[in-house]
Amino acid sequence: MLTIEEMRSYQATNDLLKDKVILVTGASDGIGRVAAKVYAKHGATVILLGRDLKKLEYVYDEIEADGGAQPAIIPMNFSSAIPTEYEQLAINIEQEFGRLDGILHSAGILGDLTPLEMYDPNTWDEVMKVNLRAPFMLTQHLLPLLKRAPEASVIFMSSSVGRKARAFWGAYAVAKAGIENLTVLFADELANTSKVRVNCINPQGTRTAMRAKAYPAEDPSQVPPAEQIMPLFLFLMGAESVGVNGKSFDARDK
């Protein structure tokens, strides 16, 4: 297995993901948008999932303009999604593509940065739905398709506060701690019964709208862009990471 330093500097071949179908949630913005474009550039047919149709269409156009395989768009709002919507999504993917080789769970919301004693319960519920319930339900419903792939990869998105909580991070920290455990649970349960591997990435400080909301006084130009952490995302989605399972990685040293 490569060292973490080698994963972070991984040089992917242009056809690393050729003929693979990969679902990216939160594909309309931030890390999800960048990852969707990078996966497409390396040969994947990318399914763009998000709640903002116009933004998804823009990413769709970017991928096509860059010469990538024609992507697909699935608008979905995790805040209000019910079980039947996840069931139908799985049916639609199977009918249209007949396979699924990977999922990147990039969708997420920040919620409130406030003391727990003042935390709004409705905001708490929304953060849990988007950041924890949706990744669980989506993976659960898509497992039959993933299990049929020659080798499949699921990548969850964590956070530093998911490993060690900090004051005022509230529901976001709790949800990300759940993601860390969800990764291990899926990985352990699938290890001996499938060729599906499940891992987690903590992107750390990355130049996104969520980061700007969490740190409004921070100079965005001093925060690394998402493009800098894509080697790790490529490695874990590609076949060279077969055998890497149940791990949580930092995208950078700091």
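Calculation notes
- Residues numbered from 1 in each chain as written.
- Predicted model: local features only at pLDDT ≥ 70, side-chain atom pairs only at ≥ 80, totals over all residues.
- Heavy atoms only, no water.
- Helix = DSSP H or I, 4+ residues; strand = E, 2+ residues; numbered from the N terminus.
- Rg over C-alpha atoms; globule rule 2.2 N^0.38 Å.
- Contact = heavy atoms within 4.5 Å.
- Areas by Shrake-Rupley, 256 points an atom, 1.4 Å probe, with all protein chains shown as cover.
- Lys, Arg positive; Asp, Glu negative; His and termini not counted.
- Charge placed at Lys NZ, Arg CZ, Asp CG, Glu CD.
- Buried < 20%, exposed > 50% of the residue type's maximum accessible area, 1.4 Å probe, protein only.
- Right-handed = clockwise from strand over helix to strand, strands pointing away.
- Pairing = 2+ DSSP bridges.
- Axes fitted to C-alpha atoms, helices over the stretch in contact; angles between N-to-C directions.
- Parallel < 35°, antiparallel > 145°, perpendicular 65-115°, else oblique.
- Left-handed = near helix turned anticlockwise from the far one by under 90°.
- Nonpolar A, V, L, I, M, F, W, Y, C, P; charged D, E, K, R; others polar.
- Expected span 1.5 Å × (residues − 1).
- Bend = angle between axes of the 7 residues up to and from the residue.
- 1 Å grid on protein atoms, 1.4 Å probe; cavity = no way out; pocket = protein on both sides within 12 Å on 5 of 7 lines; lining within 4 Å.
- Points joined across faces, edges and corners; volume = space filled by probe spheres on them.

## Some points on the overall build of the protein chain
Along the backbone of the protein chain there are 9 helices and 7 strands. Against the globule reference of 18 Å for 254 residues, the protein chain gives a C-alpha radius of gyration of 17 Å, in line with a compact fold. Each of the three principal axes of the protein chain carries a C-alpha extent, and together these read 50 × 40 × 40 Å. For the protein chain, restricting intrachain contacts to residue pairs at least 6 apart in sequence, the fraction spanning at least 24 positions comes to 73%. As presented, the protein chain carries roughly 12000 Å² of accessible surface, and 51% of it is formed by carbon and sulfur atoms. Taken together, the 26 basic and 31 acidic charged side chains of the protein chain have centroids lying 3 Å from each other.

## As for the pairing of strand E2 (residues 45–50)
Most of E2 is tucked away: 6 of the 6 residues are buried. Burial of E2 is two-sided: the residues Thr45, Ile47 and Leu49 facing one way and the residues Val46, Leu48 and Gly50 facing the other way are all buried. A crossover links strand E1 (residues 21–25) with its parallel partner E2, the connecting element being helix H2 (residues 30–41), and its sense is right-handed. Bridge count for E2 against strand E3 (residues 72–75) is 4 bridges, and the pairing is parallel.

## Digging into the packing of helix H4 (residues 83–97) against helix H5 (residues 121–148)
In the contact formed by H4 and H5, the axes pass within 10 Å of each other and the chain directions differ by 30°. In this view, H4 runs roughly parallel relative to H5, as classed from their interaxial angle. Considering the relative orientation of H4 and H5, their crossing is right-handed. Contact with H4, carried on its side by Pro83, Tyr86, Glu87, Leu89, Ala90, Ile93 and Glu94, involves Arg133, Ala134, Met137, Leu138, His141, Leu142, Leu145 and Arg148 of H5 and no other residues of that element. Here the residues of the contact of H4 with H5 are counted per class, giving 10 nonpolar, 1 polar and 4 charged.

## Thoughts on H5
With 28 residues, H5 should reach 40 Å at 1.5 Å per residue; the first-to-last C-alpha distance of 40 Å fits that figure. Of all the bends in H5, the greatest reaches close to 55° and is centred on Leu142; the proline Pro144 follows between one and four positions later.

## Overview of empty space enclosed by the protein
Gaps left between atoms are located by rolling a probe of water-molecule size over the structure's atoms. Enumeration according to the criterion identifies 1 cavity of 30 Å³ or more in this entry. For the largest cavity, the full set of lining residues is His105, Ala107, Asn131, Pro135, Phe156, Met157, Lys176 and Ile179. Elements with a minimum of two residues in the lining of the largest cavity: H5, strand E5 (152–157) and helix H7 (170–190). Broken down by class, the residue content of the lining of the largest cavity amounts to 5 nonpolar, 2 polar and 1 charged.

## Looking at the pairing of E5
Of all 6 residues making up E5, 6 are buried, and the element is well covered by its neighbours. Burial along E5 is two-sided: Ala152, Val154 and Phe156 and Ser153, Ile155 and Met157, pointing in opposite directions, are all buried. Bridge count for strand E4 (residues 102–105) against E5 is 3 bridges, and the pairing is parallel. From the neighbouring strand, Leu104 faces E5, where its bridge partner is Ile155. In this region the chain leaves E4, passes through H5 and returns to the parallel neighbour E5; the handedness of that crossover is right-handed.

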